[in-house]
Structures are given as structure tokens and as C-alpha cells.
Amino acid sequence: MTDQHTRPVQVGLIGSGFVSEFYMAGLNEVPGARAVANYSRSAERAAAFGARHGIPSQYTEIADLCADPEVQLVVIGLPNHLHLEAIRIAAQAGKAIVCTKPLARTGDEAAEIMRIVREAGVMHGYAETEVFAPNVVRAREMIEAGAIGKVLTVRAREAHSGPHAPHFWDADLAGGGALLDMGCHTIEAARYFFGKDDVPTEAFAWGATMSHADKTTAEDNAIALVKFASGGMSITEASWSAKGGMELRNEVMGTDGRLITDSSSVPVWGFISNPVDYIVEKADSETGWVYPLPEEAYNYGYTHELRHFVDCFASGQTPRETFADGYVVNCALDACYRSMKSGIWEPIELDPSVTG
């Protein structure tokens, strides 16, 4: 593991949007890491992001950032349709790679990503914050200790009033709507609660465009059922129609009890008349009743996942979340989208040569 006597791992951020701000907030709490470069297509945005976070080098070409000898590990915070090419460039440069969720738009795209990183022999970490969130990690520890017996079902709800950037609304670019955007969190959380040796086998899903037809042809509400080899069931509710800020909750039911995690539960709330700079992710109002979440990057899991990936890179270990996990999630989501069209249960088709 990294410590104060070891040279910090040098990190390059690819992207300068909303999620990259969370990554920087997380990295700031990782003593063994230092951001040395950042990328944006816009020189102005790259410069502004770098100045805001004290990052010395800025780039407007991904290849140039990846060619920087100071950069050891790249963190990709780009729109979904840009992940594959960014990973290809970083892998060709021999960089360790962390990529935001979802890994890809489809299982086939994720399989190609896996082929690229395996052939390059680089470390790869799947930045699924949900399974690094402290409350979710604690719940899993209790499950491992036998607190609730055998896990039977995992019911999850993730909801807010809609994405913050235009690319999310474009179904072709993004690869899907609310289910891809948020179901990727809940499906991987279910895998974490059940245990990754419990393979997801089939899926049934419904989705509809209920409140944002003026912005998207993708589903803005969805319900997905994922069945596991053990007979266990994951139930996902994903919505872009929920006003009032982020909602992120898991209910894990076992033979001997249940555990509930709520990452959007806050220890402070109040009524304000004068707006402040920032309340919380996806807050829909700047005044009135507000529910600010202290240390968002910490509570959502950004700090913990980045510390884990940095430590794995420094010690030469394999992360507990890799692109193989992202591939499984993408395949499960593919089955969900097939089910939306067919109206029947669809098999989750996993290639053993990809999952390893």
C-alpha cells in the first residue's frame, strides 16, 4: 500500500465534467495519489479544471495525456460512447486504467474493452462507486458474518429528476436510458450482496418514456428483475422522474433478517430562503427544504474506490472491481433491454473467455 514514504501514484484525469469533480474530491483524500494531468476537448475547460484543482498539465488530446511519462494511471470520466476509444488509447500507452460506470454501452463493447486491456497487460479498475460506499461495504461485511443468513432478494431504487448533461439524453450515444445509467449501480450492488460466485442467469424488464419525451427516446423509468443461479432475485427501480434530489437505497432480505442501506439519507436538513453554491447532486431547488449531504465523494464511495485502485496499482494487486465486472453488468443490462422488447424473460449471455 502507498504511504507518505512512497512516491505518489501519478494520475491523469480524462474528462473535466461532473463526475471528474467527484473523482478529484476523492483523490484529494488519497495521500498516495497526485493528479498531474487532465484532459478536455476544450482548452478553456481543461485549463479551468486544472486551475481549480492545482493540476500542472492540461491536454486537449487523449493520446497526448497518455503519452505523458509522468502519468501512471488514468481515470476515465467521459460519456459512455467514448469509453472504448479512450481505453484503447490508454492501454496502447501502457497506462493503468480506471473507468467510470457503465463500462460500455453493450456487452459486446465491454468484451472488446476486456480484450484490449488483457492484450496490453495493464491494470484495470471498474469505478462502480456503489460497492465502495461505506454503508454498502458494512452491509456486505455483516452478510459475510452470517447476520441475515442466506440472501434471498435485493431490492434497490435509484432515482432523481434527470441527467445533468445532454449526452445522457441521447439514447444512441449513451446506449440506453435510466436503466443503463442507474441500473448498472444496482445490478453490481446486487452481485456484491449475493456474492460474485452467484452468477446472474436471466432478466425481465419494463421501461417507458414517461416524463421526458421532449428530451429523449430512451426509457426514463424502468423496473428490472435479475435472477441469480442460487434462485435469488435482484429488483431494480430506476427513475429520471423523481423530484427532490438523489434517492439511492438497497434493501437486502435474508433467511434470518434484512439490511437496509440509504446513501441519500442525510444528517442535516433545513429550510433556507437564500441559495448557496451547491446543495447536493441532482437537487431540484436551491431554496426551501434542502437536504445537503456532507462529504458526498466519501459517502458515495469515490474516495474509497480511488484509494483502493491506487493501492492496487502501487502494490501490483488486482482490484476487487475490474472491467470483467463491468462486462457482466453490461451483459445483464443487454438481457434487460431485450426483455423490454420481447416481454419475456431473457437469458444473460456471459462468455466464459471474457469473464475469466
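Scroll up a little and you will see the structure.
Description of the structure in this document. (Residues numbered from 1 in each chain as written. Predicted model: local features only at pLDDT ≥ 70, side-chain atom pairs only at ≥ 80, totals over all residues. Heavy atoms only, no water.)

### Notes on the sheet that holds strand 8 (residues 200-208)
The strands making up a sheet associate through hydrogen bonds between their backbones, and the pairing can be parallel or antiparallel.
Point 1. Strand order across the open sheet formed by 7 strands is 12-11-7-10-9-8-15, with mixed pairing between neighbours. At either margin of the open sheet sits one strand with a lone partner, and together these are strand 12 (257-262) and strand 15 (346-347).
Point 2. Bridge count between strand 8 and strand 9 (residues 221-228): 8 bridges; the pairing is antiparallel. Residue pairing across strands places Ala 208 opposite Asn 221, the latter belonging to strand 9.
Point 3. Along the sheet, helix 6 (residues 134-144) contacts strand 7 (151-159), strand 11 (247-254) and strand 12; its crossing angle with strand 12, the most-contacted strand, is approximately 165 degrees.
Point 4. Contacts from helix 12 (residues 323-342) reach strand 8, strand 9 and strand 15, with the element oriented near 50 degrees to strand 8. (Pairing = 2+ DSSP bridges. Helix = DSSP H or I, 4+ residues; strand = E, 2+ residues; numbered from the N terminus. Contact = heavy atoms within 4.5 Å. Axes fitted to C-alpha atoms, helices over the stretch in contact; angles between N-to-C directions.)

### A word on the environment of Ala 335
Point 1. Take Ala 335: it is sitting in helix 12.
Point 2. Judged by its relative accessible area of 0%, Ala 335 is buried.
Point 3. Each C-alpha atom of the pair Ala 335 and Gly 270 lies 42 Å from the other, and the pair is 65 residues apart in sequence. (Buried < 20%, exposed > 50% of the residue type's maximum accessible area, 1.4 Å probe, protein only.)

### Re the packing of helix 1 (residues 18-27) against helix 11 (residues 302-315)
Point 1. Helix 11 packs onto helix 1 with a crossing angle of 65 degrees between their chain directions and a minimal axis gap of 8 Å. In terms of axis orientation, helix 1 runs roughly perpendicular to helix 11. Considering how the two elements wind past one another, helix 1 and helix 11 form a crossing that is right-handed. Note on element contacts: helix 11 touches helix 1 through Tyr 302, Thr 303, Glu 305 and Leu 306, opposite Val 19, Phe 22, Tyr 23, Ala 25, Gly 26 and Leu 27.
Point 2. Looking at side-chain class alone, the contact of helix 1 with helix 11 contains 7 nonpolar, 2 polar and 1 charged residues. (Parallel < 35°, antiparallel > 145°, perpendicular 65-115°, else oblique. Left-handed = near helix turned anticlockwise from the far one by under 90°. Nonpolar A, V, L, I, M, F, W, Y, C, P; charged D, E, K, R; others polar.)

### As for the pattern of salt bridges
Point 1. Counting across every chain of the model gives 21 salt bridges.
Point 2. Here Arg 105 ties to Glu 109 by a salt bridge, and the two come within 2.9 Å at their closest N and O atoms.
Point 3. Arg 105 gets classed as partly exposed once you look at its relative accessible area, which sits at 23%.
Point 4. One salt bridge connects Glu 141 with Arg 138, and the closest N-O pair in it is separated by 3.4 Å. With Glu 141 and Arg 138 both in helix 6, this residue pair falls 3 residues apart, about one helical turn.
Point 5. Residues joined by salt bridges that share partners form a network here, namely Glu 85, Arg 88, Glu 112, Arg 115 and Glu 119. (Salt bridge = Lys/Arg side-chain N within 4 Å of Asp/Glu carboxyl O.)

Purely geometric stuff here, so don't read any function into it on its own.
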